[in-house]
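The lines below spell out each chain.
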Amino acid sequence: MTKMIRRRTAMATTLAAGALAAPMLARHGWAQGAYPGGKTVRIVVPFAAGGTTDILGRIVAQLLTESMGGTFVVDNKTGAGGNVGAELVAKAPPDGMTLLLGTVGTAVTNQYLYKTMPYDSVKSFAPVALVGEVANVLAVHPSFPAKTLKEFVDYCKAQGPNKVSYGSPAVGGTGHLAMEYLSSLAGIKLEHVVYRGSSLVMKDLLAGHILDTMDNLPPYLQHIQSGALRALGVSSAKRWFAAPDVPTIAEQGYAGFDAAPWWYVAAPAGTPPEIVKRLSNDIVKGTRSEAVIKKIRDAGASELSGDAEALTKHMVAENAKWKKVIEAAKLEPQ
């Protein structure tokens, strides 16, 4: 008797949800279950073609094209640390035809680094799914007098505030913020040397013009493996699949340290829940398949699979962490 009542209640709930979703779908031109209806859906990538964000966007576009029956294409809209592309999606009709392949910047940190924001990082979007992440690495030139993270911290303390410098590709970039995060926990203060891109950081690091960096790991991996550079730790919560011998910062005395940049998919706020759920389910299923995991890892990233609810929780946790780091570093919005 109890089971029958529960079953009827569940059925009633399902029917009620469908009844509520149907008018919303209809307002956006979709019949129940019709999305994407063979149409072309645009995935806005807020960075230039060829980078990791772009590659992940194309991986997501392909897996959704194969699973959903429409055509999903990437549209690169660059500028303002991802804000240009994110704004385009935030202001697009909430009909499932425009999606964002976003970063930790568009989701969390940009709001603390820019004086004016063209969208609300939370209210302007409907979270869809997590896609992937990448580790930062604390890498040093072989001449740097530290072979472990502890030795690095001890050396920086002995030299005094701002006596040790490090390079990173951008103010407010993930490498810069990861180093500020580590510095706040370790009680050290380093001088930040800003470059225009990782390639210039790496060129000067290899030449010994700078002696250390915190930056995305993949471009540095071959030089770490050859011995041209030394890795003192990775910023991800777990050891990185492509560098299993490099310890995490977390396991070297900074429990819970996690400064891995990540990617996600979002839709404009107000997108019908049924469309969000379909997209979320297909992305989660795809990013857990061996074929897609291989593509993500070949791009230098790692899979980070999670549905809309998992993405929302992740954003809340990341917001609390990076807000505190940025405030402690006294970074002024530009």
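Residues numbered from 1 in each chain as written. Predicted model: local features only at pLDDT ≥ 70, side-chain atom pairs only at ≥ 80, totals over all residues. Heavy atoms only, no water.

### Things to note about helix α4 (residues 104-113)
- For α4, a buried count of nine out of ten residues is recorded, marking the element as mostly surrounded by other parts of the structure.
- Among the residues making up α4, those that are buried are V104, G105, T106, A107, V108, T109, N110, Y112 and L113.
- Looking at the buried residues of α4, the elements they touch are α3 (83-90), β3 (98-103), α6 (174-186), β10 (262-268) and α11 (308-329). (Buried < 20%, exposed > 50% of the residue type's maximum accessible area, 1.4 Å probe, protein only. Helix = DSSP H or I, 4+ residues; strand = E, 2+ residues; numbered from the N terminus. Contact = heavy atoms within 4.5 Å.)

### A short note on unusual backbone geometry
- Each neighbour pair has its own omega, and for Y35 with P36 the value is 0°, a cis peptide bond.
- With respect to the helices, strands and loops of the structure, P36 is situated in the loop between α1 (2-27) and β1 (40-45).
- Located in the positive-phi region is N162, a residue other than glycine, with phi close to 65°.
- Within the secondary structure, N162 is located in the loop between α5 (149-159) and β6 (165-168).
- N162 sits in the partly exposed class, given a relative accessible area of 36%.
- Phi at K330 is positive, roughly 55°, even though this residue is not glycine.
- Looking at the secondary structure, you find K330 in the segment after α11.

### So, the environment of F241
- Assignment of secondary structure puts F241 in the loop between β9 (230-234) and β10.
- Note: C-alpha distance between F241 and A135 (106 residues apart in sequence) is 9.8 Å.
- In this view, F241 contacts R297, A301 and S302; residues no more than four positions away in its chain are not counted.

### Focus: the packing of helix α2 (residues 52-68) against helix α9 (residues 273-287)
- The interhelical angle for the contact between α2 and α9, taken along N-to-C directions, is 110°, at an axis separation of 10 Å. Compared by their axis directions, α2 and α9 come out roughly perpendicular. Judged by the sense of rotation from one axis to the other, the crossing of α2 with α9 is right-handed. In this structure, α2 contributes V60, L63, L64, S67 and M68 to the contact, and α9 contributes R278, L279, D282, I283 and G286.
- Taken together, the residues that form the contact of α2 with α9 break down as six nonpolar, two polar and two charged. (Axes fitted to C-alpha atoms, helices over the stretch in contact; angles between N-to-C directions. Parallel < 35°, antiparallel > 145°, perpendicular 65-115°, else oblique. Left-handed = near helix turned anticlockwise from the far one by under 90°. Nonpolar A, V, L, I, M, F, W, Y, C, P; charged D, E, K, R; others polar.)

### Remarks on the pairing of β6
- Examined bridge by bridge, β6 and strand β7 (residues 191-194) share four bridges and lie parallel to one another. Looking across to β7, one finds that S165 is bridged to E191. (Pairing = 2+ DSSP bridges.)

### Considerations on the packing of aromatic side chains
- This model, assessed by the stated rule, comprises seven aromatic pairs.
- With centroids separated by 4.4 Å and ring planes inclined at 15°, the aromatic side chains of Y181 and F257 adopt a geometry described as stacked. Of the two residues, Y181 is situated in helix α6 and F257 in the loop between β9 and β10; the sequence distance between them amounts to 76 residues. In this pair, the class of Y181 matches that of F257, namely buried.
- A network of ring pairs unites the aromatic residues F144, F152 and Y155 as a single cluster.
- It is R297 that lies over the ring of F241; its NZ or CZ is 4.4 Å from the centre. (Phe/Tyr/Trp six-rings, centres within 6.5 Å; stacked < 30°, edge-to-face > 60°. Lys NZ or Arg CZ within 6 Å of the ring centre and 35° of its normal.)

### Points about the confidence of the model for the protein
- The share of residues in the protein with pLDDT of 70 or more is 90%, and the mean pLDDT across the chain is 92.
- Low pLDDT, under 50, characterises residues 1-20; the predicted model gives this stretch one contact beyond four residues in sequence or across chains. (pLDDT = per-residue confidence, 0-100.)

### Topic: the pattern of salt bridges
- Taken as a whole, this structure holds ten salt bridges when the rule is applied.
- In this structure, K91 and E87 form a salt bridge, with 2.6 Å as the shortest nitrogen-oxygen distance.
- Owing to a relative accessible area of 57%, K91 belongs among the exposed residues under this scheme.
- K294 is the partner of D298 in a salt bridge, and the nearest nitrogen-oxygen pair spans 2.8 Å. Linking D298 with K294, this pair stays in helix α10 (residues 290-298), spanning four residues, or about one helical turn. In this pair, the class of D298 matches that of K294, namely exposed. (Salt bridge = Lys/Arg side-chain N within 4 Å of Asp/Glu carboxyl O.)

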